[in-house]
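# Survey of secondary and tertiary structure
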Amino acid sequence: MAEEIILPPPSALHPIPSLTAALRLDNQDQLTELLRTTEHPMLVFGSESLRTLMLRQVLADPNNRQPKKKLDAWNQFTSLPKGLVFNSTDVLSEAPLETGPASTIFYFIQASNPGQTQLTVQKIKEHGKLDHKIVYIPQATAMITKLLSDWNISSMPNVSIHRLQCNYLFPIETDIYSSEYKDALWESAVQGTPSFLITHVAKSLMQLQQVVGPIPRIQSYGPMAEEVLRKLLNLTVDDYFTQSAGSEQDAPTSVLGGQVSALIILDRKVDQVTPMLTPLTYEGLLDHVLKLDCGYVRVAADLIQDKDDDKNAKTNKLDDETKALSTGAPALVAVGLNSADTLYAEVRNQHVEQFGSFLQNQAKALQESHAKFTSTGKKKDLQEIHQFVKNIPMFTQNLKSLTTHIHLAEIVKKTTEDMEFREQWNLERSILEGESAYDQLEDLVAMQYPPWRFLRLLCLQSLCGGGIKSSRYDTMRRDVVQTYGYEFMFVLQNLEKAGLLHRREGLWMDTASPFSSLRSKLHLIHAEVDTVEPDDISYVSSGYAPLSIRIIQMAVKGWQGKDDILKELPGRLVDILQQTPPEDLSAALTRPRPTQSLGTMVESEPSSKKPVLAVYFVGGVTYMELAAMRFLSKRPTFPFHIICCTTKIINGDTLLESLAQ
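Residues numbered from 1 in each chain as written. Predicted model: local features only at pLDDT ≥ 70, side-chain atom pairs only at ≥ 80, totals over all residues. Heavy atoms only, no water.

## Some points on the sheet that holds strand 6 (residues 170-173)
Filter applied, for reference: When DSSP finds two or more bridges between a pair of strands, those strands are recorded as paired. Runs of E in the DSSP output that reach at least two residues are strands. Runs of H or I that reach at least four are helices, and both are numbered from the N terminus. Note on geometry: axes are lines fitted to C-alpha atoms, helical ones only across the stretch in contact, with angles between N-to-C directions running from 0 to 180 degrees.
Strand order in the open sheet formed by seven strands is 6-7-18-17-10-8-15, with mixed pairing between adjacent strands. Each edge of the open sheet carries a strand with a single partner, namely strand 6 and strand 15 (573-577). Strand after strand, the sheet turns through a mean of 20° between neighbouring axes, direction not considered. Of the pairings in the sheet, the one linking strand 8 (residues 217-221) to strand 10 (residues 262-267) comprises five bridges and is parallel in character.

Below is the structure:
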């Protein structure tokens, strides 16, 4: 008999608990069924990110899991599905695999990355006596199948090819659902082959509606978002007529709302400025400094562990840690960061000027609570003693969480208090406000500034200024290649293809860039914002409101009379009401555009709770934008709770690095 699942009530941080539970359980069942075909296998993953996703997000629920002793002991989780045990794990690399007693190796690799298949073939040949199971996520492409055939791998008796058709969305957080599609910009802008991405995103939206019901109102912004909407409606039409073949068709009527009242699909191209900026929230800075991946950061054990943890660690050295110790590198531990940690849920979106003092106040409150009971001034009765003993586990958990976040905050503070960090933030702000920073950029490249941070600034100058002045463009390109290496010549070409960098041809005078116009009309700069008690989303970077979130705010208020703003955005606004029987985009566009704003649309809905707005970022979302959306969700004046779907959670560095393939 299946175990009954008790769902929490909906809230701003967890608007649709049933969606999170449904996606997580389905993904876990598929992976568990595959792994149970073999006893004690070794698991090898195409990337560290994929290992984190499969083991920490799919196999075990990060909101319930408590590792035994050591966070980096991949196969020691107490909440793994019953009877599931694996020997060890590793990540594909040129280094030899240490298979140990395992007789079977599972290779989990992404079909979109041929390099992972090539490395897998190499490992199979090195361990020819073992059984090998290649698992493609979601499935092998025609090109991959051809490669395996050419290399005589698919015909080997000890090799089998599998596919793992996980859901198109993974619940990374209670309000964040990611398809973990990291090559979105590369495929769409550089390779010019966006069809697979468009289909993938459209199918993820189909899956979303299968759980939450049809979404009545859909808006799209940007060319890629429009193509996703077109594909989504085509799939909906195909699915409907497949299921209702032979039955009479009724006249089209608007669909009734399910658990989501409206959907906004945003093309990352609509706002390429925000990823280039440095966030100033706790979670954004953790990602900036330590690289958050699927809700986890990996840090040196000695930075966050107490002495007692170090003693336990000596008896439980596994996988990456054992390798680290053998090579003299610092041992790394994975720290889970999600809303199950109530302290993190409260501090994650706070500004850098606030979260330090907030954690100090939490420490004082915890100390006072403990001191109040242990004081000898007053005798305690049995009821008080019983209550204290009952609260010991919670006290211990809160103390451990607080200690961890104090250590992490110290790491973040060390970076933010550095003069180089402040100078970069000031340079970003001056570029945002319309100033040219060519001289500073030339100085930075001459100083051999870290390449990806420099390219972020260069792209920011291009995006905010309508391009790089022609007289400076070739000089900048030459300096980058001479300083960072010839391979960056190809990176620069890819940045141009992605629209992040381009030459500005101006003969007589500078013309206003689209961003400068949007900056003024949407009030993107709010220098006097209160970062401790904020009243505007611009607190997330001390005065800049992410353009993408301003667009969401405008969509809720309504675009009537704002056509001059829409003209500055790439692509066009598409705003439709879904019908039943469903219709494709061409038919939907023949109907008049809805006149009501999203906010007005839900005002008439009789409900004691806020309706839910889904926002899908095609091309990735940043932690700065996530913090801004959570801020809006909690505001009494904002009519929606927001859930965010995305192809990947990104920052400026990871976005640019994805173009360096």
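## Remarks on the packing of helix 1 (residues 17-35) against helix 6 (residues 195-212)
Convention followed: When describing relative orientation, an angle under 35 degrees is termed roughly parallel and one over 145 degrees roughly antiparallel, while 65 to 115 degrees is termed roughly perpendicular and anything else oblique. In this scheme, a crossing is called left-handed if the near helix is turned counterclockwise away from the far one by less than a right angle; it is called right-handed if the turn is clockwise. We call two residues contacting when some pair of their heavy atoms lies within 4.5 Å. Each residue gets one of three labels, nonpolar for Ala, Val, Leu, Ile, Met, Phe, Trp, Tyr, Cys and Pro, charged for Asp, Glu, Lys and Arg, and polar for the others, Gly among them.
Where helix 1 contacts helix 6, the axes come no closer than 10 Å and their chain directions differ by 120°. Considering their axes alone, helix 1 and helix 6 lie oblique with respect to each other. The crossing of helix 1 and helix 6 is right-handed. In this structure, helix 1 uses Ser18, Leu19, Ala22 and Leu23 to contact helix 6, whose residues at the interface are Gln207, Leu208, Val211 and Val212. Looking at the contact of helix 1 with helix 6 residue by residue, the classes come out as six nonpolar, two polar and no charged.

## A closer look at the pairing of strand 18 (residues 641-646)
Across a regular strand the side chains alternate sides, sitting on one face of the sheet and then on the other. Note the following rule: The buried label goes to any residue with under 20% of its type's maximum accessible area, the exposed label to any with over 50%, and the partly exposed label to all in between, with areas taken from a 1.4 Å probe on protein chains only.
Among the six residues that make up strand 18, six are buried, leaving the element largely enclosed by the rest of the structure. Residues His641, Ile643 and Cys645 line one face of strand 18 and the alternating positions Ile642, Cys644 and Thr646 line the opposite face, and both faces are buried. One ladder, built from three bridges, connects strand 7 (residues 176-178) with strand 18; its direction is parallel. Across the sheet, Tyr177 pairs through a bridge with Cys645, a residue of strand 18. Sheet topology note: the strand 17 (residues 612-618)/strand 18 ladder contains six bridges and is parallel. Residue Phe617 lies in a different strand from strand 18, and its bridge partner there is Thr646.

## A short note on the environment of Asp26
Its place among the elements puts Asp26 in helix 1. Spatially, the C-alpha atoms of Asp26 and Cys166 are 7.6 Å apart, while their sequence positions differ by 140 residues.

## Considering the pairing of strand 4 (residues 131-137)
Counted only if it meets this: We call a crossover right-handed when, viewed with the strands running away from us, the connection from the first strand over the helix to the second turns clockwise.
Among the seven residues that make up strand 4, six are buried, leaving the element largely enclosed by the rest of the structure. Inspection of the sheet shows strand 3 (residues 104-110) paired to strand 4 by seven bridges, in the parallel sense. Directly across from Tyr107, in strand 4, lies its bridge partner Ile134. Tracing the backbone out of strand 3, into helix 3 (residues 114-126) and back to the parallel element strand 4 gives a crossover that is right-handed.

## Side note on unusual backbone geometry
Residue Pro581 is reached from Thr580 by a cis peptide bond, and omega for that bond is 0°. Inspection of the secondary structure assignment puts Pro581 in the loop between strand 16 (579-580) and helix 23 (585-588). Despite not being glycine, Ser542 shows a phi value in the positive range, around 60°. Judged by relative accessible area, Ser542 falls into the buried class, the value being 15%.

## Focus: helix 6
Using the following cut-off: By this rule, a helix spans an expected 1.5 Å times one less than how many residues it contains.
Compared with the 26 Å implied by 1.5 Å per residue over 18 residues, the 26 Å span of helix 6 between its first and last C-alpha is a close match. Residues Leu197, Ile198, His200, Val201, Ala202, Ser204, Leu205, Met206, Gln207, Leu208, Gln209 and Val212 constitute the buried set of helix 6. Contacts from the buried residues of helix 6 go to helix 1, helix 5 (184-190), helix 7 (223-243), strand 10, strand 17 and strand 18. Gly213 sits one or two residues past helix 6 and shows a positive phi near 95°.

## Structural notes on the packing of helix 6 against helix 7
Running from amino to carboxyl end, helix 6 crosses helix 7 at an angle of 55°, the nearest separation of the two axes being 8 Å. As the angle between them shows, helix 6 and helix 7 are arranged oblique. In this structure, helix 6 meets helix 7 at a crossing whose hand is right-handed. Note on element contacts: helix 7 touches helix 6 through Met224, Glu227, Val228, Lys231, Leu232, Leu235, Thr236 and Asp239, opposite Ile198, Thr199, Val201, Ala202, Lys203, Leu205, Met206 and Gln209.

## Topic: the sheet that holds strand 2 (residues 88-91)
Taken in spatial order, the five strands line up as 2-1-3-4-5 in an open sheet, and their pairing is parallel. Each edge of the open sheet is held by one strand with a lone partner, namely strand 2 and strand 5 (159-163). In this sheet, adjacent strand axes meet at a mean angle of 20° when their direction is disregarded. Inspection of the sheet shows strand 1 (residues 42-45) paired to strand 2 by four bridges, in the parallel sense. Within strand 2, the residue paired with Phe45 across the bridge is Val91.

## A word on empty space enclosed by the protein
This is how the line gets drawn: Using protein atoms alone on a 1 Å grid, points that fit a 1.4 Å probe yet trap it form a cavity, whereas open point sets bounded by protein on both sides within 12 Å along at least five of seven lines form a pocket; residues with an atom within 4 Å of a point count as lining. Grid points are joined across faces, edges and corners, and a volume is the space filled by probe spheres set on the points.
The tally for this structure, following the rule as stated, stands at eleven cavities of 30 Å³ or more. In this structure, the largest cavity encloses a volume near 330 Å³. Lining the largest cavity are 23 residues; nearest its centre among them are Gln110, Ile137, Pro138, Ser179 and Glu180. Split into classes, the residues belonging to the lining of the largest cavity amount to eleven nonpolar, eight polar and four charged.

## Some details on the environment of Ser542
Mapped onto the elements of the fold, Ser542 is located in the loop between helix 20 (514-521) and helix 21 (547-557). Along the primary structure Ser542 and Asp530 are separated by twelve residues, whereas in three dimensions their C-alpha atoms are 8.2 Å apart. If we skip the residues at most four places from it in the chain, Ser542 touches Leu280, His351, Trp425, Arg429, Val529 and Thr531.

## Quick look at the packing of aromatic side chains
Short version of the rule: The aromatic pairing rule takes the rings of Phe, Tyr and Trp, using the six-membered ring of Trp, and pairs them if the centres are within 6.5 Å, calling planes under 30 degrees apart stacked, those over 60 edge-to-face and the rest tilted. Each ring is checked for a lysine NZ or an arginine CZ that lies within 6 Å of its centre and within 35 degrees of its normal; such an atom marks a charge sitting over the ring.
Applying the stated criterion across every chain yields a total of twelve aromatic pairs. Their ring planes at 50° and their centres at 5.7 Å tell us that Tyr484 and Phe488 sit as a pair that is tilted. For the pair shown, Tyr484 and Phe488 are each scored as buried. Aromatic rings pair up to connect Trp452, Phe454, Tyr484 and Phe488 into one cluster. Across from the ring centre of Tyr296, 5.0 Å away, lies the NZ or CZ of Arg56, which sits over that ring. It is Lys413 that lies over the ring of Phe355; its NZ or CZ is 5.7 Å from the centre.

## Describing the nonpolar core
Inclusion rule: Working definition of a nonpolar core: buried Ala, Val, Leu, Ile, Met, Phe, Trp, Tyr and Cys residues. They are joined through side-chain atoms within 4.5 Å.
By size, the foremost hydrophobic cluster in this structure holds 138 residues, and its most contacted members are Phe108, Tyr221 and Phe454. It is helix 17 (residues 451-465) that provides the largest number of residues to this core, a total of nine residues. Not counting residues up to four positions away in its chain, the partners in contact with Phe108 are Leu31, Leu34, Leu35, Leu43, Val44, Phe45, Gly46, Leu50, Val135, Ile137 and Leu164. Counting 37 residues, the second-largest nonpolar core is a separate cluster that includes Leu197, Met224, Leu233 and Ile265.

## Observations regarding the pattern of salt bridges
Counted only if it meets this: Here, a salt bridge means any Lys or Arg side-chain nitrogen found within 4 Å of an Asp or Glu carboxyl oxygen.
Inspection of the entire model under this criterion finds 28 salt bridges. Among the salt bridges present, the one from Arg630 reaches Glu283, with a minimum N-O distance of 3.2 Å. Placement of the pair is Arg630 in helix 25 (residues 623-634) and Glu283 in helix 8 (residues 282-290), with a sequence separation of 347 residues. Its relative accessible area of 4% is what places Arg630 among the buried residues. The shortest N-O distance in the salt bridge between Lys648 and Asp293 comes to 3.8 Å. Here Asp293 lies in the loop between helix 8 and strand 11 (296-300) and Lys648 lies in the loop between strand 18 and helix 26 (652-657), a separation of 355 residues in the sequence. Counted as one network, the salt bridges with shared partners bring together Glu173, Asp175, Glu283, Arg348 and Arg630.

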